[in-house]
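An overview of the molecular structure
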Amino acid sequence: MTTVDPASAAPPAALAEPTAPVRRGWIALVFAANLGVWMAFFTPIQVLLPQQIEGIAPGSKEEMLAVVTGLGALAAVVANPLAGALSDRTCLRLAGRELGRRHVWTAGGAVLGAAALVLLAQQRTVLGVTLAWVAAQVCFNAMLASLTAAIPDRVPVAQRGGVSGWVGIPQALGLVAGAVLVTAVVTGNAAGYRAVALAVLVLALPFALLTPDDPLPRAHRPALRLRALLASMWVSPRRHPDFAWAWFTRFLVQTGNALGTLYLLYFLTDGVRVADPEGALLVLILLYTLGMMLTAVVAGRISDRSGRRKVFVVVSGLVMAVAATLLAVAPVWPMAVVAAVLLGAGYGVYLSVDAALITQVLPRATDRAKDLGVINIANSAPQVLGPALSAPIVVHLGGYPTLYAVTAAVTLLGSALVVKIRSVP
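The following paragraphs examine the structure supplied in this document. (Residues numbered from 1 in each chain as written. Predicted model: local features only at pLDDT ≥ 70, side-chain atom pairs only at ≥ 80, totals over all residues. Heavy atoms only, no water.)

1. Topic: the packing of aromatic side chains
- Under the defined criterion, the tally for this structure stands at 12 aromatic pairs.
- Geometrically, the ring pair formed by Trp247 and Phe251 is stacked, given 5.3 Å between the ring centres and 10° between the ring planes. Taken together, the residues span about one helical turn, with Trp247 and Phe251 both in helix 9 (residues 241-261) at a distance of four residues.
- Overall, the relative accessible area of 23% leaves Trp247 in the partly exposed class.
- You can call Phe251 buried: its relative accessible area is 16%.
- Between Tyr288 and Tyr347 the ring centres are 6.3 Å apart and the planes differ by 35°, which places this aromatic pair in the tilted class. Of this pair, Tyr288 sits in helix 11 (residues 277-306) while Tyr347 is found in helix 13 (residues 333-359), placing the two residues 59 residues apart along the sequence. Across this residue pair, the class does not change: Tyr288 and Tyr347 are buried.
- Through pairs of rings, three or more aromatic residues link up here, namely Trp38, Phe41, Phe42 and Phe140.
- Its end group placed over the ring of Tyr266, Lys61 keeps NZ or CZ at 4.8 Å from the ring centre. (Phe/Tyr/Trp six-rings, centres within 6.5 Å; stacked < 30°, edge-to-face > 60°. Helix = DSSP H or I, 4+ residues; strand = E, 2+ residues; numbered from the N terminus. Buried < 20%, exposed > 50% of the residue type's maximum accessible area, 1.4 Å probe, protein only. Lys NZ or Arg CZ within 6 Å of the ring centre and 35° of its normal.)

As structure tokens, then:
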């Protein structure tokens, strides 16, 4: 369980364990903000960047896409925990009034990230695309760090499974909304980037402007020293073994996810050989999202009521591994449809319950955003490792059947190892 700083017997609201349930309006606004940030992450990766890279370097599209997404993910690995640590220490005053420590990062990340997407739309070289995408990743990961901390900041433990289900749905729904936006509503790659940038602002800013954000009293602010800040990024596995296992299992499952999704458009084109790969990708995304929406909130609420987390994570990994295995043994369109539904259903359970589990193993209330940023390295680092593994597997080690077999094995291992966590049932 998260503990408060022992320096005070009565911690301020910003550090106290929340007890009042959050209301539907708050959930709706945090849902919308997460929808915006995940649209900004996934729509470029799945649709816009592959199109843009194919137009710039058609003969080496796989390798160049791997470079761009890998460097972007590397930037995310650094930016997310760093922004989280700075958010934990943020004390701002405006017109004599103390401001909260999170919303400035949410709003700033949204505005600057939208500007980076507009810049990305204008790039005509792989180098230009890479630099603009890295800038976007830095901004949106700063935004994500503050949004992720909103759950342990404001949601009681008994409500976190259900709320995490709502917060998790945008990870898939954002891709659907983004794909529809850039393929059916607007025309052209550049217009797609600008549309996503506008969507981020419209969806994210209301949460930052309309919901409460407890200020951090300066007496409780951790010291801001570069050496200490960098040292705090290391969370000792020996002192906090459950946190370490939560990180490692999340890393493995997300590595499986990265392996299975990066080349999905190319898989439909070169492996399944569908006539309309982009249209087929949209269908699979819709089915995946449907499966996820059917399970995320329901599984989260059942987990809340039962008080159990680990069994749901293990079962979700098994379902996702089955889906990847189907793609490995039968790379045909009907099997891809079945796999999309199963993968969405399994991932919905995983996102809601594992997210709730993680908030229960955070070491300190004073470092919530930083520690969740460290957890988010387990989400971002696979985006670096995934391309490095996927490209040689597809090109040299057996193609897409091998890729999806590896995806199944890694995902299953990651979900099974969650039993090593002791403090959460």
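2. Focus: the packing of helix 6 (residues 170-185) against helix 11
- For the pair helix 6 and helix 11, interaxial distance at closest approach is 9 Å and the crossing angle is 150°. Taken together, helix 6 and helix 11 sit at an angle that is classed as roughly antiparallel. Judged by the twist between their axes, the crossing of helix 6 over helix 11 is left-handed. Counting all contacts with helix 6, which are made through Gln171, Ala172, Leu173, Leu175, Val176, Ala179, Val180 and Thr183, the residues of helix 11 involved are Leu282, Ile285, Leu286, Tyr288, Thr289, Met292 and Met293.
- Its residues assigned to classes, the contact of helix 6 with helix 11 shows 12 nonpolar, three polar and no charged. (Axes fitted to C-alpha atoms, helices over the stretch in contact; angles between N-to-C directions. Parallel < 35°, antiparallel > 145°, perpendicular 65-115°, else oblique. Left-handed = near helix turned anticlockwise from the far one by under 90°. Contact = heavy atoms within 4.5 Å. Nonpolar A, V, L, I, M, F, W, Y, C, P; charged D, E, K, R; others polar.)

Note that every value here comes from positions in space, so none of it alone points to a role or purpose.
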